[in-house]
Amino acid sequence: MSDIIIKAQRSSEITQTCSGPAWDRVWPALEALSGLTLSSLNSSARETVEAQLAAVNQITAAYDIEVEADYKHLTDSDALDILGRIDAVAQLCIDSEAERVIQELDTAGRKLPVAAIKEVREHRDIFVPLLMRTLEQAILRVRNCDKREENASFFAILLLTELEVIEAFPTLLEMLRLPDEGPFDLFGDGIHDLVAPILARFSGDSVSEIGQIVQDTNVNIYVRWSAVQTYKYLVRDELISRQVAVDVLHRHFQECAENEDYDMLAPLACELGDLAAETAAESIRSAFQRNLVDESIVNLAFIESQIAAGEETVERELENCRPTGMPDTITELSRWAAFREEPPRPPRKPNPQPTRIPRPHRLTSDVSRSKVVTSISGGHKVGRNDSCPCGSGKKFKRCCR
């Protein structure tokens, strides 16, 4: 991990200290930068840093300086000029390194950018504003239909959660409210598994923001499904009572049925079942009897069995919840297939000397041969909104996906 930021921060602290004469800070500020590897900086920053340090040498050349004590001969104006240049150098170093770290997050492929994530953790004060800005800019690009591929916003979501940056919550909510596939553009499949624990970390005992997402038909349906699961986390974390969660979810269920928002009935029924919501049993049964609930997702018998098991169901489901928030981004992403580098393929063995074998029987006709080839070579990637290849008639994202 680079120590450039550490050196630059220390030097900047010295230059900005107000106590004592200016000349007394020049040597410590320069000493803090000693050993700095300028080649690690981007070219623009490196050129500016070299120019500033050359100017410092030019000023000190007019004085007979051999040891630290000789800096007392500097005039106040020269000492302050030097301190200003040193501070500018320190800030350039910090900015250059911060840009490098964000770039490493942005261009991460299948290799998890562990070093960059650790630097973000170590220098929270520097990177939190940059992560916030990264996410805000990504949201703006999605709204403007800019499909540029980038990864920094994905890491920003996780790291802002891990660092528990409360002021990031409105921005995270804005990301979740992006229309259509917008949330997936920034957060990928994290929408399915990580939205609930993230919302639970930031919402506290207030469920109003969660309820607004659940009921907003303009929000992506999968975001709404994930938001529904947040209530279970809040119960597990003892931020709200089980009865409060049941009452809110039951109200959501009734409102969705009344407003013909039928896509939300299955996930709401599942969560009510997980909380063994006996008070909602009749509403759920009625919706199933009216064929309002998608039974390919869940059936009435399962929900009724969950409710009948009572505390046993609740205890099991709460134990199955992930940790709230994002305890460790590196540990979490290390389990993701997307960040498991594919092992190198072994070198191909040279073909052995061909052995004469009997001529194979010919296919009965050219037509049969063409059918065989077509059946194995015509595969194309099925889109999320395409019809499912299994023939169910549902969209792929709602079926075999």
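The structure under discussion appears in the preceding block.
Fair warning: this is a prediction, and the values are worked out from it, not measured in the lab.

**Brief notes about the nonpolar core**
Then, number 1: In terms of nonpolar packing, the biggest core is built from 121 residues, with Leu105, Phe127, Leu135, Phe155, Phe187 and Ile284 touching the most fellow members.
Then, number 2: Counting residues per element, this core draws most heavily on helix α4 (residues 76–106), at 12 residues.

**A word on the packing of helix α1 (residues 4–15) against α4**
Then, number 1: Relative orientation of the contacting elements α1 and α4 amounts to 150°, with a least axis distance of 8 Å. One way to sum up the angle between α1 and α4 is to call them roughly antiparallel. Of the two possible hands of crossing, α1 and α4 adopt the one that is left-handed. Judged by residue contacts, Ile4, Ile5, Ala8, Gln9, Ser11, Ser12 and Thr15 of α1 engage Leu83, Ile86, Asp87, Ala90, Cys93, Ile94 and Glu97 from α4.
Then, number 2: For the contact of α1 with α4, the residue count by class is eight nonpolar, four polar and two charged.

**Side note on helix α11 (residues 195–203)**
Then, number 1: Within α11, eight of the nine residues are buried, which leaves the element mostly enclosed by the surrounding structure.
Then, number 2: For α11, the full list of buried residues reads Val195, Ala196, Pro197, Ile198, Leu199, Ala200, Phe202 and Ser203.

**Focus: the packing of aromatic side chains**
Then, number 1: Counted under the stated rule, the structure contains eight aromatic pairs.
Then, number 2: Clustering of aromatic rings is evident, with ring pairs tying together Phe154, Phe155, Phe187, Trp336 and Phe339.

**Some thoughts on the environment of Lys147**
Then, number 1: When you line up the elements, Lys147 lands in the loop between α6 (124–143) and α7 (152–162).
Then, number 2: Lys147 sits 38 residues away from Asp185 along the chain, and the two C-alpha atoms are 8.3 Å apart.
Then, number 3: Only 3.3 Å separates the side chain of Lys147 from the side chain of Asp185, close enough to count as a polar contact.

**A closer look at the side chain of Thr60**
Then, number 1: For Thr60, the position within the fold is in helix α3 (residues 43–60).
Then, number 2: At a separation of 3.1 Å, a polar atom in the side chain of Thr60 contacts the main-chain carbonyl oxygen of Asn57.
Then, number 3: When sequence neighbours within four positions are dropped, the list of residues in contact with Thr60 reads Ile65, Tyr71 and Ile82.

**Things to note about helix α18 (residues 300–309)**
Then, number 1: If you check which residues of α18 are buried, you get Leu300, Ile303, Gln306 and Ile307. Along the axis of α18, the buried residues cluster in a sector spanning 125°; they form a single face. Exposed side of α18, more than 90 degrees from the buried face: Ala301 and Ala308 are the residues found there.
Then, number 2: Looking at the buried side of α18, the elements it contacts are α16 (265–274), α17 (281–289) and α19 (311–319).
Then, number 3: Immediately downstream of α18, the backbone of Gly310 shows phi near 55°, a positive value.

**Some thoughts on the environment of His252**
Then, number 1: Residue position: His252 is located in helix α15 (residues 242–258).
Then, number 2: Under the relative-accessibility criterion, His252 is labelled buried at 4%.
Then, number 3: Sequence separation of His252 and Leu265 is 13 residues, and the distance between their C-alpha atoms is 8.8 Å.
Then, number 4: For His252, the contacting residues outside a window of four places in its chain are Gly211, Val214, Gln215, Tyr231 and Leu268.
Then, number 5: One polar contact links His252 to Tyr231, side chain to side chain, over a distance of 2.9 Å.

**What to know about the pattern of salt bridges**
Then, number 1: Taken as a whole and assessed by the stated rule, the structure comprises 23 salt bridges.
Then, number 2: Residue Arg285 pairs with Glu304 through a salt bridge whose shortest N-O separation is 2.9 Å. Taken together, the positions of Arg285 in helix α17 and Glu304 in helix α18 put the pair 19 residues apart, joining distant regions of the chain.
Then, number 3: Exposure remark for Arg285: the relative accessible area of 26% places this residue in the partly exposed category.
Then, number 4: The class of Glu304 is partly exposed, set by a relative accessible area of 32%.
Then, number 5: Three or more residues joined by partner-sharing salt bridges are found here, namely Glu97, Arg100, Glu104 and Glu119.

**Thoughts on the packing of helix α8 (residues 169–176) against α11**
To describe two helices that pack against each other, one gives the angle between their axes and the distance between the axes.
Then, number 1: Their axes nearest at 11 Å, the elements α8 and α11 cross at an angle of 150°. If you check the angle between α8 and α11, you find them roughly antiparallel. Both α8 and α11 take part in a crossing whose hand is left-handed. Only Val195, Ile198, Leu199, Phe202 and Ser203 of α11 make contact with α8, whose side of the interface consists of Phe169, Leu172, Leu173 and Leu176.
Then, number 2: Its residues placed into classes, the contact of α8 with α11 shows eight nonpolar, one polar and no charged.

**Observations concerning the environment of Ile102**
Then, number 1: Along the polypeptide, Ile102 turns up in helix α4.
Then, number 2: For the pair Ile102 and Ala116, spaced 14 residues apart in sequence, the C-alpha separation works out to 7.6 Å.
Then, number 3: Excluding residues within four positions of it along the chain, Ile102 makes contact with Phe127, Leu130, Leu131, Thr134 and Ala152.

Basis of the calculations
Position numbers for residues start from 1 in each chain and track the written sequence from start to end. Side-chain atom pairs in this predicted model are given and counted only at pLDDT of 80 or more, local residue features only at pLDDT of at least 70, and totals for whole chains, interfaces and linings cover all residues. For the side-chain quantities, the full set of heavy atoms in the structure was used; hydrogens and water were omitted. In plain words, nonpolar cores are sets of buried Ala, Val, Leu, Ile, Met, Phe, Trp, Tyr and Cys residues tied together by side-chain atoms within 4.5 Å. For each residue, the accessible area found with a 1.4 Å probe, counting protein chains only, is set against the maximum for its type, and the residue is called buried under 20%, exposed over 50%, and partly exposed in between. Comment: elements are numbered from the N terminus, with helices defined as DSSP H or I runs of at least four residues and strands as E runs of at least two. Geometry is summarised by axes, namely lines fitted to C-alpha atoms with helices restricted to the contacting stretch, and by angles between N-to-C directions that run from 0 to 180 degrees. The cut-offs work like this: below 35 degrees is roughly parallel, past 145 is roughly antiparallel, 65 to 115 is roughly perpendicular, and the gaps in between are oblique. Rotating anticlockwise by less than a right angle from the far helix to the near helix defines a left-handed crossing, while the corresponding clockwise rotation defines a right-handed one. By the convention used here, residues are in contact when the closest approach between their heavy atoms is within 4.5 Å. Nonpolar residues are Ala, Val, Leu, Ile, Met, Phe, Trp, Tyr, Cys and Pro. Charged residues are Asp, Glu, Lys and Arg, and all others, Gly as well, are polar. Think of it this way: a Phe, Tyr or Trp ring, Trp meaning its six-membered ring, pairs with another when their centres are within 6.5 Å, and the plane angle makes it stacked under 30 degrees, edge-to-face over 60, tilted otherwise. As used in this structure description, the phrase polar contact means that two N or O atoms lie within 3.5 Å; if the pair is within protein, one of them must be able to donate a hydrogen and the other to accept it, and residues adjacent in sequence are counted only when both atoms belong to side chains. What the arc covers is the set of directions going from the helix axis to the C-beta atoms. Each reported salt bridge corresponds to a side-chain nitrogen of Lys or Arg within 4 Å of a carboxyl oxygen of Asp or Glu.

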